[in-house]
Amino acid sequence: MMGSLAGAGVAFSLVSCKHAEKEWEARPNVIIVLTDDQGYGDLSVHGNPVLQTPQLDRLHDQSIRLTDFHSAPMSTPTRGQLITGRDCKDNGASAVCLGRSMIREEVPTMADIFSASGYQTAQFGKWHLGDSYPYRPQDRGFQETVHHGAWGITSIADYFGNTYWNDTYNHNGVWEKYEGYCTDVWFDLTLDYISKWKEGDKPFFVYLATNCPHGPHLVDDVYSDPYLEKGMDETTAKFFGQIANIDENMGRLMETMDQAGLTDNTILIYMTDNGTVQGHNVFNAGMRGHKTEPYEGGHRVPLFIRWPDGDLGKPRDIDLLTQCQDILPTLMDWCRLEKPENLELDGSSLAPVFKGDDSGLDDRILVVEYDNPYRPQENLAVMWKKWRLVMDKELYNLSTDPGQTTDVSAQYPEVVEKLKQHYKEWREKTMPDYEKPRYIHLGNEKQNPLMLYSSDWQGSYADNLGNLLAGNRIGYWDVIVDTPGNYEFTLSRWHPAGNIPLNDPMEDRHGRVRGAVPIAKARLKVGSYDQTIVTSPGQTEVKFTVELEKGVQVVETWFLDKDGKPICSAYYTKVERIK
């Protein structure tokens, strides 16, 4: 009997269920812990003179550590690369918003592959790869998911009023209330999930991605006070406090694994999504750069791998140039996962490396490139052994200059030319996929009604509270109408759960009241439909009914002043097929 996993254009050829059942007991469980904005130097074991991370230090000592391991310099690009094994410009998720934070729907994900190979799959915490169908975690192979919206708690796509404590998160498509501090909740959910596993069950794959220590830097004082007492400013103390809380939770995770008998045959991976967000305010292991930047401090991150039953050899450092795109092909080898028919990979399996054979990988040239929304020109590094070509012009030799202080491009023109030529060839191969559109689907039974968020539109950057309060961002969404019929579009200036009138300001978490704009009209344009409605004082939303044909459409919205001048688009646009 052959099986297949349909949906999102992903095709698999599967072994028989009976054969898969025989394999379950031998296959390892997998837990990937990914923290947010924690840099290589944000660990005491890496030399941080202030921060204390005893549990992570213990995991470090039990693990094989890849010490020249690279992510992207920002969140979404790393996450997409990790779960697809493909470069971010190749898989579609190359930016943190602007319609480019979604993996193209035909690209298989790690969860798709684990699920199709007989694994239980779960995701807890941060997703940041799309908040509407077919880009949510439950659409991309995760059977169980609890997550906040977009980049983090308090982002535009997150639930209104979330504060890090006792928040409302999305559980398999339904917003539900959870008690406790956010990081504690993600770990509680993980501990509960793995504790239910018993011998003979299908193996599990858990992707635990914390939103901390990303800002806003909020944590209970018990974790941050020790760093205030050491003379840190409040922001840095809270940042370190968030990591201290993660460290404590990692201790709980490892203890639970020990008690449940899961330690030996579970692959536990700990990594971070980019360089430290604190920049030069904190210890950075001698590296130049930080989050968003193309220097080492922006994308060289820690990677710890522990698997006692894996025969990987003793805990040690491996100083081979590697990348997060290598994780999926490595796990496919270790877990003997079925390969999708349409699978393409930019990463390589590191399985031979752990056996001492790096001959196939020691001469690789790797590219770090993403869409930097802040400084578009600072988005590129080409890496070969210990050479780094930064922004296509600056050359550094990390063997003699790990801090990237001296540009040696004039002394080594042949190296510059070699890396530029590789980048040219890489770009020629990659850009055709980069240019492929990503569509949100309307009228599909898997999510109807559906919310279109400004964080997923194309146009003005609009994914955080500051952008929302500015009240001047404009964008549009590319969509596919799956089912023809009548659709109701509900345009909102503020999150619908806030019930705030269109013209009114909003109070932020600091008690400041901001964001009032003189909205007098609302306009919706979808295909040939283009209508404007006059609004009234106190009105919180504007509804339009539109008949749509099946196929590709562009959704455009505007809030206008009394003279018809555009003020902003509807940051929240709810779409429902009504008949």
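Right above here is the structure, for reference.
Since this is a predicted model, take the numbers as computed values, not measurements.

(A) Looking closely at the overall build of the chain. Along the chain, the regular secondary structure elements total twelve helices and 29 strands. For the chain, the C-alpha radius of gyration of 24 Å lies close to 25 Å, the compact-globule estimate for 579 residues. With the C-alpha coordinates aligned to their principal axes, the bounding extent of the chain is approximately 70 × 60 × 50 Å. The buried share of the chain, reckoned over its 579 residues, is 62%.

(B) Just the layout of surface pockets, in detail. In this structure, the largest pocket spans a volume of roughly 470 Å³. Along the walls of the largest pocket sit 26 residues, with Thr154, Gly161, Asn162, Leu465 and Met506 positioned nearest its centre. Every element with two or more residues in the lining of the largest pocket is listed here: helix H12 (465–470) and strand S22 (506–507).

(C) Here's a closer look at helix H2 (residues 54–62). Residues of H2 that are buried include every one of Leu56, Asp57, Leu59 and His60, and no others. End-on view of H2: buried residues confined to an arc of 160 degrees, all on one side of the axis. Buried residues belonging to H2 abut strand S2 (64–66), helix H8 (234–259), strand S9 (266–272) and strand S10 (303–306).

(D) View of the packing of aromatic side chains. Taken as a whole, this structure holds 26 aromatic pairs when the rule is applied. Relative to Tyr207, the ring of Phe142 lies with its centre 6.1 Å away and its plane at 20 degrees, an arrangement referred to as stacked. In this pair, Phe142 is assigned in the loop between strand S4 (120–125) and strand S5 (144–147) and Tyr207 in strand S8 (residues 204–209), connecting sequence segments 65 residues apart. Here the aromatic rings of Tyr164 and Tyr181 are separated by 6.3 Å at their centres, their planes lie at 45 degrees, and the arrangement is tilted.

(E) How the structure looks around the environment of Met232. Tracing the backbone through its elements, the reader meets Met232 in the loop between helix H7 (221–228) and H8. On a C-alpha basis, the gap between Met232 and Val50 in space is 9.1 Å, while along the polypeptide they are 182 residues apart. Each residue touching Met232, except ones within four places of it in the same chain, is listed here: Val50, Tyr227, Ala237 and Phe240.

(F) Structural view of a negative patch on the surface. Taken together, the side chains of Glu255, Asp258, Asp264 and Asp309 define an acidic patch exposed on the protein surface. Within the secondary structure, Glu255 sits in helix H8. Among the residues examined, Glu255 registers a relative accessible area of 44% and is labelled partly exposed.

(G) Main features of the packing of H7 against H8. At their nearest, the axes of H7 and H8 sit 7 Å apart, and the two run at 130 degrees to each other. As far as their axial angle goes, H8 and H7 are oblique. Judged by the twist between their axes, the crossing of H7 over H8 is right-handed. Along the contact surface, H7 presents Asp221, Tyr223, Ser224, Tyr227 and Leu228, while H8 presents Glu234, Ala237, Lys238, Phe240, Gly241, Ala244, Asn245 and Glu248. Here the residues of the contact of H7 with H8 sort into six nonpolar, three polar and four charged.

(H) The arrangement of helix H6 (residues 182–195) in detail. The terminal C-alpha atoms of H6, which comprises 14 residues, lie 20 Å apart, in line with the 20 Å expected from a rise of 1.5 Å per residue. Of all the positions in H6, only Cys182, Thr183, Val185, Trp186, Phe187, Leu189, Thr190, Leu191, Tyr193 and Ile194 are classed as buried.

(I) Broad picture of the sheet that holds strand S16 (residues 394–397). Pairing is antiparallel across the open sheet formed by four strands, whose spatial order is S13-S14-S15-S16. A single partner strand is all that each edge strand has here, and the edge strands are strand S13 (365–369) and S16. Averaged over all neighbouring strand pairs, the angle between strand axes comes to 15 degrees, with direction disregarded. Judged from the four bridges that link them, strand S15 (residues 387–390) and S16 form a sheet pairing that is antiparallel. Across the sheet, residue Trp387 finds its bridge partner in S16, namely Asn397.

Each value, and the rule that gives it
Residues numbered from 1 in each chain as written. Predicted model: local features only at pLDDT ≥ 70, side-chain atom pairs only at ≥ 80, totals over all residues. Heavy atoms only, no water. Helix = DSSP H or I, 4+ residues; strand = E, 2+ residues; numbered from the N terminus. Rg over C-alpha atoms; globule rule 2.2 N^0.38 Å. Buried < 20%, exposed > 50% of the residue type's maximum accessible area, 1.4 Å probe, protein only. 1 Å grid on protein atoms, 1.4 Å probe; cavity = no way out; pocket = protein on both sides within 12 Å on 5 of 7 lines; lining within 4 Å. Points joined across faces, edges and corners; volume = space filled by probe spheres on them. Arc of directions from axis to C-beta. Contact = heavy atoms within 4.5 Å. Phe/Tyr/Trp six-rings, centres within 6.5 Å; stacked < 30°, edge-to-face > 60°. Patch = residues over 30% accessible without salt bridge, like charges linked within 9 Å, V, L, I, M, F, W, Y side chains within 5 Å. Areas by Shrake-Rupley, 256 points an atom, 1.4 Å probe, with all protein chains shown as cover. Salt bridge = Lys/Arg side-chain N within 4 Å of Asp/Glu carboxyl O. Lys, Arg positive; Asp, Glu negative; His and termini not counted. Charge placed at Lys NZ, Arg CZ, Asp CG, Glu CD. Axes fitted to C-alpha atoms, helices over the stretch in contact; angles between N-to-C directions. Parallel < 35°, antiparallel > 145°, perpendicular 65-115°, else oblique. Left-handed = near helix turned anticlockwise from the far one by under 90°. Nonpolar A, V, L, I, M, F, W, Y, C, P; charged D, E, K, R; others polar. Expected span 1.5 Å × (residues − 1). Pairing = 2+ DSSP bridges.

Functional significance is not addressed by these values, which are geometric in nature.
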